[in-house]
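# Tertiary structure, described
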Amino acid sequence: MTAKPHIMSVVSSLPKQGIDKNVPLYCVGIGGAGMSVIAELLHMQGWRVMGSDRYESDTLKRLRTLGITCNSGHDGHDVPSDAVLVVSSAIPVDNPQVVVALERKQLIIHRSHALMLASAKMDFIAIAGAHGKTTTSAMTAHCLQECGIDASFAVGGIVGGFGTGAYLGSAPYFVAEADESDGSFINYQPSIAVVTNIEADHLDHYGTSEAFFEAFVSFSHRVRDNGVLICCADDRGARMLATKAASVCRVITYGTSTAVTGCEHVHIVHEQSEGEATDITFYDGKEVVELRLSMLGHHNVLNACAAWLVGKLCGGDRNALCAAFSSFEGTGRRFEHRGCVGGVNVIDDYAHHPTELEALMKQARTYVGNGQLHVIFQPHLFSRTRNFAQRFADALSQADDVIVTKIYPAREEPMPGVTGELITSLLPSSVYCEDMYEAGRAMASRAQPGDVILTVGAGDITHVASFIVSDYEGTSRY
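Each value, and the rule that gives it
Here the residue numbering is sequential within each chain, running from 1 through the sequence in written order. Since the coordinates come from a predicted model, pLDDT governs what is reported: local features require at least 70, and pairs of side-chain atoms require 80 or more to be given and counted, while whole-chain, interface and lining totals use all residues. To obtain the side-chain values, all non-hydrogen atoms of the structure were used and water was disregarded. As used here, the term nonpolar core means buried Ala, Val, Leu, Ile, Met, Phe, Trp, Tyr and Cys residues forming a set that is joined through side-chain atoms within 4.5 Å. Per-residue accessibility, obtained with a 1.4 Å probe over protein chains only, is compared with the maximum for each type, and a residue is labelled buried under 20%, exposed over 50%, and partly exposed between these values. Note on contacts: a residue pair is in contact if any heavy atoms of the two residues lie within 4.5 Å. Only DSSP runs of H or I with at least four residues qualify as helices, and only runs of E with at least two residues qualify as strands; both kinds are numbered from the N terminus onward. Two strands are counted as paired when DSSP detects at least two bridges linking them. Lines fitted to the C-alpha atoms define the axes, with helices restricted to the stretch that makes contact. Angles between their N-to-C directions range from 0 to 180 degrees. Definition of a polar contact: a pair of N or O atoms within 3.5 Å, with one able to donate and the other able to accept a hydrogen when the atoms are protein atoms, and with sequence-neighbouring residues admitted only if both atoms are side-chain atoms. Each Phe, Tyr or Trp ring (for Trp, its six-membered ring) is paired with any other whose centre lies within 6.5 Å, and the angle between the two planes then decides the class: stacked below 30 degrees, edge-to-face above 60, tilted in between. Comment: the charge-over-ring label is applied if NZ (Lys) or CZ (Arg) is within 6 Å of the ring centre and within 35 degrees of the ring normal.

### Considering the nonpolar core
Membership of the largest hydrophobic core comes to 56 residues, with the highest contact counts inside it found for Leu 42, Leu 115, Phe 185, Val 195, Leu 229 and Leu 241. Contacts of Leu 241, omitting those with residues within four sequence positions, involve Val 195, Ile 198, Phe 213, Phe 216, Val 217, Ser 220, Leu 229 and Cys 231. One finds Ile 149, Ile 280, Leu 302 and Ala 324 within the second-largest nonpolar core, a separate group that totals 46 residues.

Shown next, in the form of structure tokens:
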């Protein structure tokens, strides 16, 4: 059977003459975390933005309040005949709106191209890496603001203190996540590029771990003349990238590891958790820097170091920059506290790769203290569940109570024999429950004061956190 073509096969680059602001930009999947942010930014700049998503959602409702036309369902008739279609790689090529656009020979661009339109004439700060992009991007944007640098940003999550993932500022800097999942991050030409880590993922797109790494090499080659590449020296892949890139651009590394030959280095010399904050000390080659981060977890210490470096490169005042980390409120779905009811804290997190889950479990164990840690995990993608079932089980073994729910498929079709039970079969103390709301009820019924319930995954498991809180309070809507 012949495989249907991928959406990227019908995507065009931006025309050299650009796109007139009077031309409608129709965003397919406008309710998604990445697309909604781009749509909002373009709308702020006066573009004619509209779009659709499969289902009605709070995001669509919010976009409508801004004046953006949003349709529920992908009806080809909703696409204006003069529109430019904006898609992500998650959109199938047989999507009815894509089909209509192809029949009419309308221009179809990737959301990364739309982000380039939104960030035109600004210094682009691209935050890349297999993990930590959202938190590092949000942290960077927050710190720049606290230094009086009114930077724009596009973050695939709600930035604490802003209530949105999109912001248009007056400073000549634009902070954005650079998504590696489909290779589109090489469309950018950053003045500052950050690589938090490189761990093979999205092999459905890349095929091999070597190809995944080479995509980051290509990304590093996109750094502008006189630009800077910032890499985490503690991560093997990012360290390898720093070594390769040192001969072609300025590279700064950071971490607890030693410096990389040919690179400037910021060395983390101390970190100590106290309550819900972490004290950090590092040496940048010239001076010792001390700051307090309002978060737990070594991975967040590394994220903070990267954000500090970007802040310094943008001219942020040292004292204001250090103080900014203590007021950072985090981002939506990154260890997000959703409520404390009956003495039980309910926390929601986006972790969907084994490395992210491992870091999350360490953070959660520190947070819960002497209480019990209850985890409801929704696997994301059939291929990832199949490839990493053992690592997921190993990470979840750090919890006291685990329920695994149905897989969130995203762009994938079901795979025979691949369900959440692949994980529970490797973790005897866990159970599988197809219905995630039933799992929420079960966890709520056995959690005790002082315990933590953690809902985890990149899919719709986030609704279960709200469900548990409302159920505790006797106002459940489900």
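### Some details on the environment of Thr 59
Structurally, the position occupied by Thr 59 is in helix α2 (residues 58-65). Judged by relative accessible area, which is 23%, Thr 59 ranks as partly exposed. Along the primary structure Thr 59 and Ala 33 are separated by 26 residues, whereas in three dimensions their C-alpha atoms are 8.7 Å apart. Contacts of Thr 59, omitting those with residues within four sequence positions, involve Ile 30, Gly 31 and Ser 36.

### A few points about the sheet that holds strand β5 (residues 108-110)
A sheet is described by the order of its strands in space; here five strands give the open sequence β3-β2-β1-β4-β5, paired in parallel fashion. Edge positions in the sheet fall to β3 (69-72) and β5, since each has one partner strand and no second. For this sheet, the mean inter-axis angle between neighbouring strands, taken without regard to orientation, is 25 degrees. Sheet topology note: the strand β1 (residues 25-28)/strand β2 (residues 49-53) ladder contains four bridges and is parallel. The partner of Tyr 26 across the bridge, within β2, is Met 50. Packed on one face of the sheet, helix α1 (residues 33-44) meets β1, β2 and β4 (84-87) and runs near 165 degrees to β1. Against the sheet, α2 makes contact with β2 and β3, and its axis sits at roughly 155 degrees relative to β3, the strand it touches most.

### Considering the environment of Asp 400
Within the secondary structure, Asp 400 is located in the loop between α12 (382-396) and β19 (401-404). Put simply, Asp 400 and Val 375 are 25 residues apart on the chain and 8.0 Å apart in space, counted from C-alpha to C-alpha. Setting aside chain neighbours within four positions, we find Asp 400 in contact with Arg 365, Gly 371, Gln 372 and Leu 373. Engagement of the side chain of Asp 400 in a polar contact is seen with the side chain of Arg 365, the distance being 3.2 Å. Here the side chain of Asp 400 touches Leu 373 through a polar contact of 2.7 Å, landing on its backbone nitrogen.

### Description of the packing of aromatic side chains
For the structure on display, the rule yields twelve aromatic pairs. Ring plane angle 75 degrees and centroid distance 4.9 Å describe the contact between Phe 282 and Trp 308, whose orientation is recorded as edge-to-face. Here Trp 308 lies in helix α9 (residues 298-313) and Phe 282 lies in strand β14 (residues 277-283), a separation of 26 residues in the sequence. Classification of Phe 282 by relative accessible area gives buried; the value is 1%. Measuring from centroid to centroid gives 5.2 Å for Tyr 437 and Phe 467, while their planes differ by 80 degrees, and the two rings are edge-to-face. Of this pair, Tyr 437 sits in helix α14 (residues 436-446) while Phe 467 sits in helix α15 (residues 462-472), and the two are 30 residues apart along the sequence. One aromatic cluster in this structure is built from Phe 185, Phe 212, Phe 216 and Phe 219. A cation over an aromatic ring shows up here: Arg 334 above the ring of Tyr 350, its NZ or CZ 4.3 Å from the ring centre.

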